Amino acid sequence: SSSRTGSSATIDTGRNDPRIGLTLRGGYSHFQPLNFVTYGGGLKIPVADAAFIDVGLGGLSTRRVVEVGEAAKRTICETSPDDVRCTGEPVWNSIANFSLGLTYQNTSRKVRPYLGGDVTLTPYTEKFNTALGLQARGGADLMVTDSFGLNLNGTLGFWYGKQFPTIQDGMNPIGLVPAMSLGTVILF
């Protein structure tokens, strides 16, 4: 008589590892005639095996000469000649950006690409006029350890703000907003 012995092994095929993630990043964005330094962060919350809700808060800063029309210049400059609108000196302007979106990300590997989309709200005047926007987002997390990685992110979208033409000459109420950023990701 003969007998056969066999052995079996389990091979891990790399299942998704959806965890809460915090991303902090900085980069560059361009909107109509303005170039921005960008900075901020986002929280990635798993809702399914490879689907996440993203909540983001960021800032955009640009250095520009604040231009005003002739009538406003006469009124402002007669009472306050040192105002930056009268001297033509460049100033830093900063605005905040809020986003809410969905992302699909394969989290089973060391390099974790993702695709997603967001709705954005960006208050851009002293009276809190707010630009509404949509953007597509793509990028990848390169995990250095199980809980820490580097992030490369790119977006392309648009903003619509009725008062944009009053901010600076050459601006339209709607325009494209491309952006690139680098940062870190921490998983919990």
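The notes below deal with the structure included here.

**Section: the overall build of the protein chain**
Now for step 1: Counting secondary structure elements, the protein chain contains three helices and eight strands.
Now for step 2: The order of α-helices and β-strands along the protein chain, N terminus first, is β-β-β-α-α-β-β-β-β-α-β.
Now for step 3: When the 188 residues of the protein chain are sorted by exposure, 33% land in the buried category.
Now for step 4: Taking contacts inside the protein chain between residues at least 6 apart in sequence as the whole, the part at least 24 apart equals 58%.
Now for step 5: Approximately 11500 Å² of the protein chain is accessible, and the part contributed by carbon and sulfur atoms is 61%.

**With respect to the pattern of salt bridges**
A side chain of one charge can pair with a side chain of the opposite charge when the charged atoms of the two come close.
Now for step 1: Taken as a whole and assessed by the stated rule, the structure comprises four salt bridges.
Now for step 2: Each of D54, D118 and R137 takes part in a single network of salt bridges with overlapping partners.

**Quick notes on the side chain of Q168**
Now for step 1: In this fold, Q168 is placed in the loop between helix 3 (164-167) and strand 8 (174-187).
Now for step 2: Side chain to side chain, Q168 and R64 meet in a polar contact 2.8 Å long.
Now for step 3: Every residue in contact with Q168, bar those within four places of it in the chain, is listed here: P33, L34, R64 and V65.

**Comments concerning the sheet that holds strand 3 (residues 51-65)**
Now for step 1: Spatially, 1-2-3-4-5-6-7-8 is the arrangement adopted by the eight strands of the closed barrel, whose pairing is antiparallel. Neighbour to neighbour, the strand axes of the sheet diverge by 25° on average, direction disregarded.

**Overview of the packing of aromatic side chains**
Now for step 1: By the definition in use, this model includes three aromatic pairs.
Now for step 2: Judged by centre distance (5.0 Å) and plane angle (65°), the ring pair of F31 and F164 falls under edge-to-face. Of this pair, F31 sits in strand 1 (residues 21-31) while F164 sits in helix 3, placing them 133 residues apart in sequence.
Now for step 3: Given a relative accessible area of 2%, F31 falls into the buried group.
Now for step 4: What makes F164 buried here is its relative accessible area of 4%.
Now for step 5: Taking the centre distance of 4.5 Å and the plane angle of 50° together, the rings of Y124 and F164 count as tilted. One end of the pair, Y124, is in the loop between strand 5 (111-123) and strand 6 (130-143); the other, F164, is in helix 3, with 40 residues separating them in the sequence.

**Considering unusual backbone geometry**
Now for step 1: Even without being a glycine, Q32 presents a positive backbone phi close to 50°.
Now for step 2: Topologically, Q32 is positioned in the loop between strand 1 and strand 2 (34-46).
Now for step 3: Of note, F128 is a non-glycine position whose phi angle comes to about 60°, a positive value.
Now for step 4: With respect to the element layout, F128 can be found in the loop between strand 5 and strand 6.
Now for step 5: Take F128: its relative accessible area is 62%, and that puts it in the exposed class.

**Quick word on the nonpolar core**
Now for step 1: With eleven residues, the main nonpolar core is built from F31, L34, F36, L60, I95, Y124, A131, W159, F164, M171 and V177.
Now for step 2: Ignoring sequence-local partners within four residues, the contact set of F164 consists of F31, Y124, A131, W159, M171, N172 and P173.

**Some points on the pairing of strand 1**
Now for step 1: Two elements, strand 1 and strand 2, share eleven bridges in a ladder whose sense is antiparallel. Looking across to strand 2, one finds that R25 is bridged to G40.
Now for step 2: Between the antiparallel neighbours strand 1 and strand 2 lie two residues, among them Q32 with a positive phi of about 50°.
Now for step 3: Pairing between strand 1 and strand 8: nine bridges, direction antiparallel. Pairing of G21 across the sheet is with L187, part of strand 8.

Cut-offs used in this document
- Residues numbered from 1 in each chain as written.
- Predicted model: local features only at pLDDT ≥ 70, side-chain atom pairs only at ≥ 80, totals over all residues.
- Heavy atoms only, no water.
- Helix = DSSP H or I, 4+ residues; strand = E, 2+ residues; numbered from the N terminus.
- Buried < 20%, exposed > 50% of the residue type's maximum accessible area, 1.4 Å probe, protein only.
- Contact = heavy atoms within 4.5 Å.
- Areas by Shrake-Rupley, 256 points an atom, 1.4 Å probe, with all protein chains shown as cover.
- Salt bridge = Lys/Arg side-chain N within 4 Å of Asp/Glu carboxyl O.
- Polar contact = N/O pair within 3.5 Å; in protein donor to acceptor, adjacent residues only side chain to side chain.
- Pairing = 2+ DSSP bridges.
- Axes fitted to C-alpha atoms, helices over the stretch in contact; angles between N-to-C directions.
- Phe/Tyr/Trp six-rings, centres within 6.5 Å; stacked < 30°, edge-to-face > 60°.
- Core = buried A, V, L, I, M, F, W, Y, C linked by side-chain atoms within 4.5 Å.

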